[in-house]
Amino acid sequence: MRVACLGGGPAGLYFAISMKLRDSAHRIDVFERNRSDDTFGWGVVFSDQTVENLMRNDAVSGAIIAREFAHWDDIDVHVHGETIRSCGHGFIGIGRKRLLNILQERARELGVELHFEHEAGPDLADWRDYDLVIAADGANSRIRDRYEEHFGVDIQVRKNKFFWFGTAKVFEAFTFAFEKTEAGWIWAHAYRFDDDLSTFIVEMDPEAWAGLGLDRMEQPDAIALCERIFAKYLDGHELISNATHLPGPQAWLNFRRIVCDRWDYENLILLGDAAHTAHFSIGSGTKLALEDAIKLAEVLNRPGLTREMALAEYQAERNLEVLKLQNSARNSTEWFETLDRYLHFEPIQFAYSLLTRSQRVSHENLRLRDRDWLEGVERWFQSQAQGRPVNEPAPPMFAPFRLRGMEVANRVVVSPMAMYSAEEGCPNDFHLVHYGERAKGGAGLIYTEMTCVSPEGRITPGCAGIYTPEQVAAWRRIVDFVHEHSTAKFCLQLGHSGPKGSTKVGWEGYDVPLEGGNWPVMAASDVPWSPDNQVPRPMTRADMDEVVAQFVLATELGLEAGFDMVELHAAHGYLLSSFITPLTNRRTDEYGGSLENRLRFPLEVFRAMRAVWPAEKPMSVRISANDWMGDLGVTPDEAVEIGRAFVEAGADLIDVSAGQTWADCQPIYGRMFQTPFADQIRNEGRLTTMAVGNIYEPDHANSILAAGRADLVALARPHLIDPMWTLRAAAAQDYRQVHVPPPYLGGMAQLARNLAREAELKA
Ligand SMILES: Cc1cc2nc3c(=O)[nH]c(=O)nc-3n(C[C@H](O)[C@H](O)[C@H](O)COP(=O)(O)OP(=O)(O)OC[C@H]3O[C@@H](n4cnc5c(N)ncnc54)[C@H](O)[C@@H]3O)c2cc1C
Ligand SMILES: Cc1cc2nc3c(=O)[nH]c(=O)nc-3n(C[C@H](O)[C@H](O)[C@H](O)COP(=O)(O)O)c2cc1C
């Protein structure tokens, strides 16, 4: 096979090597525009796993690379005048130049033709003598851009500015240094990559960049400024630029995130950064490029595969890995782009948040890396929660939490879940057992299902309500049971179905209208949930008065029933949510249009409830923090304002859900997928939040809480299947202080023993 590799970076060189190793008869030409010793950048980092992959593919170059790697374990985070050091992180680094020289030498030895100072043309016609053309010409690939429409290229230019410097200062730990200037925060990512050199990437947001005058400063002045800002880390060493040919402002880059739907077109194949990029803060670009190269060479040389089959397999397999890394890289990029959110944290929590920013490193990963440090975080978290020094480490999920006069024993919450099992709105024995069981299961706080404020405010005929004396008595029985047999606090979620009312019970089809006996529905505007649902009547002021009165009565009845807390359901497309989202609120009066107007009625309801609910008891509000419809609907930025408005109206907790407000929305699901919204509302709005949505392991809960991404974590579906989720989590973490109903103590002890034994065997 005759192959042209356009670009002699890690991807192009390693692909050439990998092809030759599999069949020395291949003729491979690598065309590189630079000289063999020119290169941008300084060091690159890998994980041990990548080195193992390299060794398996080519033990010769792998061994040289492994021998020359600088290895370090510690991460230092410098912020607010403190240094937080954690260990066990296991990084290795090598100079980019040295890596390329090793690969060039190995490629030559295997018979690859290297053509330096050769600008590769972007037209396929220039390469018609070759069977395959590999676009390994990096993130700015000219040939990819030339055939852009065939690759489905999506490029996002990220907002922060960065400069990739080198320095002779040798950093013993991977160093993150955050410094405040008069124009804003500026920080460095620094690590050693050989005996006497380190990479030193300086990053900041565009406002700080312009504020410091870097948008018009020549390089020598910019370098001098950075050296002054980071003087205490550099110990008199200079920052070295290898982009001196560029005017000062142009040497500062914006990271470009590149995704391509397809990686091949005719006989042209994208490899490495030309196909995809991963933000430098997770240090995986070179790893991806090298692993792409191995895979592509492997499939092209596999007997029995046509070229089409080989390319399909290459993309199918690599795409998954790339998407996972790009996902983590996006989280990490966003963390640095929204740094302001976390700067009010104490240094220890700031460092924890930084270390877990990509969501690939969790609480338990950190324990494996550095148990002492993690236990320090746990002690700090418990001390904060208990308002006194605590010497014993304990999982963050088992820290108490106070909302007004109510203290919950731990941070686990049973999320509201409609059971559709009431008759005439009246809860029954099913509900007694259901809530009773979940209360005994150890969660600090349990929520009722959406309990409706009127018969027509129900979603389905099976929905529970609180508008008659019988219902109050039935709820009282359940509340008393919960209080008598558990330490759980009990929150009543109050709601009105609005446009999504008069539908079948969940398991007969969500949001599907009843076969018969439908009741009229109302909403902010005459926008039906779907073409099959009723067109709701736009609410009049008289309707509003009636609904406010119903919520007030329900709140009073909730007090009579003995609930500890009340939540207003203003999410998921129900009545109040139909006002908040612009997708369903088409009103032109003072209840539609601006956010202030759209919030007017929901806030009026909330304030009226707050006025009759005792001051010492807390209230929360559930919101959909993202309509998943881009700027057409509620965005997370707007959700911060929504949260603030409810807190000003007296809410103590924002229960941050998302979506279900527009039938055609496009949610992005995944582990903890709504937690970023709870994080944004909490840390940008400085509000108290509860996260919910695909949180299912104790490790998720602990990571969210310790990183300050939310104050409470709610789990819904995990509790459907396992009412004892919290007790099981306590046993798994060998945490003994949790309340266990006395008759169950034996079971708890046995579970803890068995789990400990299993963990020992696994270790
Ligand atoms: C600031 C920063 C820090 C980074 N840190 C790390 C890290 O720590 N770890 C890590 O793994 N990755 C890191 N990366 C990413 C890493 O540099 C890339 O992901 C990796 O180099 C991709 O390899 P590649 O061969 O695909 O592309 P490149 O390394 O970009 O190589 C492309 C080559 O093609 C050549 N070329 C381009 N156009 C032409 C043309 N028309 N004709 C001929 N030659 C051409 C270029 O000169 C270049 O040599 C970092 C990137 C940045 C920007
Ligand atoms: C069966 C079921 C019923 C639900 N009913 C309600 C409800 O009444 N009120 C509410 O706010 N959310 C309701 N939800 C949403 C959950 O509270 C939660 O936000 C969602 O299921 C995501 O959390 P999870 O991934 O832990 O299940 C319901 C979810 C399920 C599965």
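Conventions and cut-offs
- Residues numbered from 1 in each chain as written.
- Chains lettered and ligands numbered in written order.
- Predicted model: local features only at pLDDT ≥ 70, side-chain atom pairs only at ≥ 80, totals over all residues.
- Heavy atoms only, no water.
- Helix = DSSP H or I, 4+ residues; strand = E, 2+ residues; numbered from the N terminus.
- Rg over C-alpha atoms; globule rule 2.2 N^0.38 Å.
- Buried < 20%, exposed > 50% of the residue type's maximum accessible area, 1.4 Å probe, protein only.
- Areas by Shrake-Rupley, 256 points an atom, 1.4 Å probe, with all protein chains shown as cover.
- Lys, Arg positive; Asp, Glu negative; His and termini not counted.
- Charge placed at Lys NZ, Arg CZ, Asp CG, Glu CD.
- Near = heavy atom within 4 Å.
- Polar contact = N/O pair within 3.5 Å; in protein donor to acceptor, adjacent residues only side chain to side chain.
- Pairing = 2+ DSSP bridges.
- Axes fitted to C-alpha atoms, helices over the stretch in contact; angles between N-to-C directions.
- Contact = heavy atoms within 4.5 Å.
- Expected span 1.5 Å × (residues − 1).
- Bend = angle between axes of the 7 residues up to and from the residue.
- Phe/Tyr/Trp six-rings, centres within 6.5 Å; stacked < 30°, edge-to-face > 60°.
- Lys NZ or Arg CZ within 6 Å of the ring centre and 35° of its normal.
- Core = buried A, V, L, I, M, F, W, Y, C linked by side-chain atoms within 4.5 Å.

Structural notes on the overall build of the protein
Point 1. Helix and strand counts for the protein come out as 26 helices and 29 strands.
Point 2. For a compact globule of 763 residues, the expected C-alpha radius of gyration is about 27 Å, and the protein comes in at 30 Å, within 12% of that figure.
Point 3. Taking the principal axes of the C-alpha coordinates as reference, the protein spans close to 90 × 60 × 55 Å.
Point 4. Going through the 763 residues of the protein one by one, you find that 61% of them count as buried.
Point 5. Put simply, the protein shows about 30,400 Å² of open surface, and 50% of that area lies on carbon and sulfur atoms.
Point 6. With 77 positive and 108 negative side-chain charges, the protein shows a spacing of 2 Å between the two charge centroids.

Overview of the site of ligand 1
Point 1. Taken together, 32 residues lie around ligand 1, and Ala 11, Glu 32, Arg 96, Asp 273 and Thr 286 are the ones closest in.
Point 2. Contact distances for ligand 1 include 2.7 Å between an oxygen atom and a side-chain N or O atom of Asp 273.
Point 3. When ligand 1 is considered free in solution it has 990 Å² of accessible area, and contact with the protein chains removes 92% of it.
Point 4. The set of elements that each furnish at least two residues to the shell around ligand 1 consists of α1 (10-22), β3 (43-46), β10 (153-167) and α11 (285-300).
Point 5. A total of 4 residues in the shell around ligand 1 trace back to one element, the largest contributor, which is α11.

Section: the site of ligand 2
Point 1. Around ligand 2 sit 18 residues, and of these Ser 415, Pro 416, Ala 418, Asn 694 and Arg 717 come closest.
Point 2. Here an oxygen atom of ligand 2 sits 3.0 Å away from a polar atom, N or O, in the side chain of His 569.
Point 3. Arg 622 places a polar side-chain atom, nitrogen or oxygen, 3.0 Å from an oxygen atom of ligand 2.
Point 4. When residues of the shell around ligand 2 are traced back to their parent elements, those giving at least two are β21 (445-452) and α24 (717-721).

So, the sheet that holds strand β25 (residues 565-570)
Point 1. Sheet architecture is closed into a barrel: 8 strands sit in the order β20-β21-β22-β25-β26-β27-β28-β29, paired in parallel fashion. Neighbouring strand axes in the sheet, compared pairwise and without regard to direction, differ in orientation by 25 degrees on average.
Point 2. Both β21 and strand β22 (residues 489-495) contribute to a ladder of 6 bridges, which runs parallel. Note on β22: the bridge partner recorded for Cys 452 is Gly 495.
Point 3. Docked against the sheet, helix α18 (residues 541-561) engages β22 and β25, running at close to 165 degrees with respect to β22.

Observations regarding helix α12 (residues 307-337)
Point 1. Taking 1.5 Å per residue, 31 residues should reach 45 Å; α12 reaches 42 Å between its end C-alpha atoms and fits that length.
Point 2. Taking the largest bend as the criterion, α12 deviates by roughly 30 degrees, centred on Asn 319.

Regarding the packing of aromatic side chains
Point 1. Enumeration over the complete set of coordinates arrives at 42 aromatic pairs.
Point 2. Pairing Phe 230 with Tyr 233 gives two aromatic rings, centres 6.3 Å apart and planes at 50 degrees, and the pair type is tilted.
Point 3. According to the relative accessible area criterion, Phe 230 is buried, its value standing at 0%.
Point 4. What makes Tyr 233 buried here is its relative accessible area of 8%.
Point 5. One aromatic cluster in this structure is built from Trp 72, Phe 91, Phe 174, Phe 176, Phe 178, Trp 187, Tyr 191, Trp 335, Phe 336, Tyr 342, Phe 345 and Phe 350.
Point 6. Of note, Lys 161 hangs over the ring of Trp 209, and the distance from its end group to the ring centre comes to 4.4 Å.
Point 7. Here Lys 500 stacks its cationic end above the ring of Trp 529, 4.0 Å away from the centre of that ring.

Description of the nonpolar core
Point 1. Phe 178, Phe 350, Phe 601 and Phe 646 are the most contacted members of the largest nonpolar core, which totals 132 residues.
Point 2. Element by element, the count of residues in this core is highest for α18, at 8 residues.
Point 3. With sequence-adjacent residues up to four places away left out, Phe 350 is seen in contact with Val 77, Val 79, Phe 178, Trp 335, Leu 339, Tyr 342, Leu 343 and Phe 345.
Point 4. In this structure, Val 3, Val 112, Phe 151 and Ile 282 belong to the second largest nonpolar core, which totals 69 residues.

Considerations on helix α20 (residues 595-612)
Point 1. Relative to the 26 Å expected for 18 residues at 1.5 Å per residue, α20 spans 26 Å between its end C-alpha atoms, a close match to the ideal helical length.
Point 2. Within α20, the axis deviates most sharply at Phe 601, by approximately 40 degrees, and proline Pro 602 lies no more than four positions further along.
Point 3. Of all the positions in α20, only Leu 595, Asn 597, Arg 598, Leu 599, Phe 601, Pro 602, Leu 603, Val 605, Phe 606, Met 609 and Arg 610 are classed as buried.
Point 4. On its buried face, α20 is in contact with β22, α18, β25, α19 (575-580), β26 (619-624) and α21 (636-648).

A look at the pairing of strand β11 (residues 174-181)
Successive side chains on a regular strand alternate, one facing one side of the sheet and the next facing the other.
Point 1. Of all 8 residues making up β11, 7 are buried, and the element is well covered by its neighbours.
Point 2. Note: strand β5 (residues 75-79) against β11, 4 bridges, orientation parallel. Directly across from His 78, in β11, lies its bridge partner Ala 177.
Point 3. One ladder, built from 7 bridges, connects β11 with strand β12 (residues 184-194); its direction is antiparallel. By the bridge assignment, Thr 181 is partnered in β12 with Gly 184.
Point 4. Hairpin connection of β11 to β12: 2 residues between the antiparallel strands.

A few points about unusual backbone geometry
Point 1. In this model, Arg 404 sits at a positive phi of 50 degrees, which is unusual for a non-glycine residue.
Point 2. By secondary structure assignment, the location of Arg 404 is in the loop between β18 (401-403) and β19 (406-408).
Point 3. A relative accessible area of 35% places Arg 404 in the partly exposed class.

Concerning the sheet that holds β3
Point 1. Strand order in the open sheet formed by 3 strands is β3-β7-β4, with antiparallel pairing between adjacent strands. Two strands bound the open sheet, and with one partner strand each, they are β3 and β4 (70-72). In this sheet, neighbouring strand axes are inclined to one another by 30 degrees on average, regardless of whether the strands run parallel or antiparallel.
Point 2. Note that β4 and strand β7 (residues 91-95) share 3 bridges and pair antiparallel. Directly across from His 71, in β7, lies its bridge partner Ile 92.
Point 3. Packed on one face of the sheet, helix α4 (residues 96-109) meets β3 and β7 and runs near 75 degrees to β7.

Digging into the pairing of strand β9 (residues 132-135)
Point 1. Every second residue of β9 is oriented toward a common face, with Leu 132 and Ile 134 on one face and Val 133 and Ala 135 on the other, all of them buried.
Point 2. Pairing between strand β1 (residues 2-6) and β9: 4 bridges, direction parallel. Each residue of the ladder has a partner; that of Leu 6, found in β9, is Ala 135.
Point 3. For β9 and strand β17 (residues 268-270), the ladder comprises 3 bridges, and the chain directions are parallel. Within β17, the residue paired with Ile 134 across the bridge is Ile 269.

Worth remembering: the numbers are spatial, not functional.
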